[in-house]
Amino acid sequence: MNRAEKAKIIDGLKERADKASIAIVTDFHGLKVAELTPLRAKLHEAGCDYQVVKNTLARKAFEEGPHVVLNEHLKYNCAVAFGYDDPVVAAKVLVEFAKKNDKFSVRYASLEGKFLEEASVKALSELPGREQLLASVLGTMNAVPQNFVSLFANVVRGMVNVLTALKDKKEA
């Protein structure tokens, strides 16, 4: 690979890393390209990128960005998954794939500049996704007005019952 090709790879990697909220480093030693294709497809569907990189090129790409904490840990063959909007999605896909393939493993990650070990990435994958959290917050927010309306309706209903009872008593 000549310098121009290396510079192009570094620039592309740096651009992805700067946009990504999470960068997860994985070990794929012993897996063939055909075995990694389903993982790439799932990550792409989830809005994530996955790239096999040379450690020296990755170090240069991460140098001045949010994921610089990964530089001292980059060793052996590795690939990096970048998650943009929801970091939980990328972690879920990778941990799920690692459970099915014993040759594949998640090594560590950088979540918005904070270093995460393998156990932390697995714990992150068990959290509910962004959509689920938004749905639960929305449900909680909707519960307050619904409760207020039902309480107000009970007060009005009680008042109507009292007035009806007074009317019936006066008629009798």
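Above this text you will find the structure in question.
Overview of the structure. These numbers were taken from a predicted model, which means no experiment stands behind them.

Quick word on the side chain of Arg 107
Reasoning step 1: Along the chain, the position of Arg 107 falls in strand S4 (residues 105–111).
Reasoning step 2: Once you skip the residues sitting within four places of it in the chain, Arg 107 turns out to touch Val 25, Thr 26, Asp 27, Lys 75, Tyr 76, Asn 77, Cys 78, Glu 117 and Glu 118.

Digging into the state of the cysteines
Reasoning step 1: One pass over the structure, following the stated rule, counts 0 disulfides.
Reasoning step 2: Cysteine Cys 48 shares no disulfide, and the gap to the nearest cysteine sulfur, in Cys 78, comes to 17 Å.
Reasoning step 3: On the accessibility criterion, Cys 48 (5% relative accessible area) is buried.

Quick look at the pattern of salt bridges
Reasoning step 1: Within this structure, the stated rule accounts for 6 salt bridges.
Reasoning step 2: With its nearest N and O atoms 3.6 Å apart, the salt bridge here joins Asp 49 to Arg 16. Of this pair, Asp 49 sits in strand S2 (residues 48–53) while Arg 16 is found in helix H1 (residues 3–19), placing the two residues 33 residues apart along the sequence.
Reasoning step 3: Here Glu 96 ties to Lys 42 by a salt bridge, and the two come within 3.1 Å at their closest N and O atoms.

What to know about the sheet that holds strand S5 (residues 114–117)
Reasoning step 1: One open sheet accounts for 5 strands, arranged S2-S3-S1-S4-S5; its pairing is antiparallel. Edge positions in the open sheet fall to S2 and S5, since each of these has one partner strand only. Sheet twist, expressed as the average angle between the axes of neighbouring strands with direction ignored, equals 20°.
Reasoning step 2: The pairing of S4 with S5 spans 4 bridges and is antiparallel. Residue pairing in the sheet places Ala 109 in a bridge with Leu 116 of S5.
Reasoning step 3: Lying on the sheet, helix H2 (residues 33–45) is in contact with S2 and strand S3 (78–83); it crosses S2 at an angle near 140°.

Overview of a positive patch on the surface
Reasoning step 1: On the surface, Arg 3, Lys 6, Lys 54 and Lys 60 cluster together into a positively charged patch.
Reasoning step 2: By the element assignment, Lys 54 lies in the loop between S2 and helix H3 (55–62).

Considerations on the environment of Asn 154
Reasoning step 1: Topologically, Asn 154 is positioned in helix H6 (residues 130–171).
Reasoning step 2: C-alpha separation for the pair Asn 154 and Ala 17, spaced 137 residues apart in sequence, amounts to 56 Å.
Reasoning step 3: Within the structure, Asn 154 has its side chain in polar contact with the side chain of Arg 157 (distance 2.5 Å).

Observations concerning the environment of Ile 22
Reasoning step 1: Mapping Ile 22 onto the fold places it in strand S1 (residues 22–27).
Reasoning step 2: Exposure remark for Ile 22: the relative accessible area of 0% places this residue in the buried category.
Reasoning step 3: Each C-alpha atom, one on Ile 22 and one on Arg 40, is 16 Å from the other, the two residues being 18 residues apart in sequence.
Reasoning step 4: In contact with Ile 22, not counting residues within four places along its chain, are His 67, Ala 81, Phe 82, Gly 83, Pro 87, Ala 90, Ala 109, Ser 110, Leu 111 and Leu 124.

Some words on the packing of aromatic side chains
The description of two aromatic rings rests on the distance between their centres and on the angle between their planes.
Reasoning step 1: Taken as a whole, this structure holds 3 aromatic pairs when the rule is applied.
Reasoning step 2: A ring pair is formed by Phe 97 and Phe 104, whose centres lie 5.0 Å apart and whose planes are at 85°; its orientation type is edge-to-face. For the pair shown, Phe 97 and Phe 104 are each scored as buried.
Reasoning step 3: The ring of Tyr 84 has Lys 19 sitting right over it, with the charged end atom 5.8 Å from the ring centre.

Rules and cut-offs
Residues numbered from 1 in each chain as written. Predicted model: local features only at pLDDT ≥ 70, side-chain atom pairs only at ≥ 80, totals over all residues. Heavy atoms only, no water. Helix = DSSP H or I, 4+ residues; strand = E, 2+ residues; numbered from the N terminus. Contact = heavy atoms within 4.5 Å. Disulfide = S-S within 2.5 Å. Buried < 20%, exposed > 50% of the residue type's maximum accessible area, 1.4 Å probe, protein only. Salt bridge = Lys/Arg side-chain N within 4 Å of Asp/Glu carboxyl O. Pairing = 2+ DSSP bridges. Axes fitted to C-alpha atoms, helices over the stretch in contact; angles between N-to-C directions. Patch = residues over 30% accessible without salt bridge, like charges linked within 9 Å, V, L, I, M, F, W, Y side chains within 5 Å. Areas by Shrake-Rupley, 256 points an atom, 1.4 Å probe, with all protein chains shown as cover. Lys, Arg positive; Asp, Glu negative; His and termini not counted. Charge placed at Lys NZ, Arg CZ, Asp CG, Glu CD. Polar contact = N/O pair within 3.5 Å; in protein donor to acceptor, adjacent residues only side chain to side chain. Phe/Tyr/Trp six-rings, centres within 6.5 Å; stacked < 30°, edge-to-face > 60°. Lys NZ or Arg CZ within 6 Å of the ring centre and 35° of its normal.

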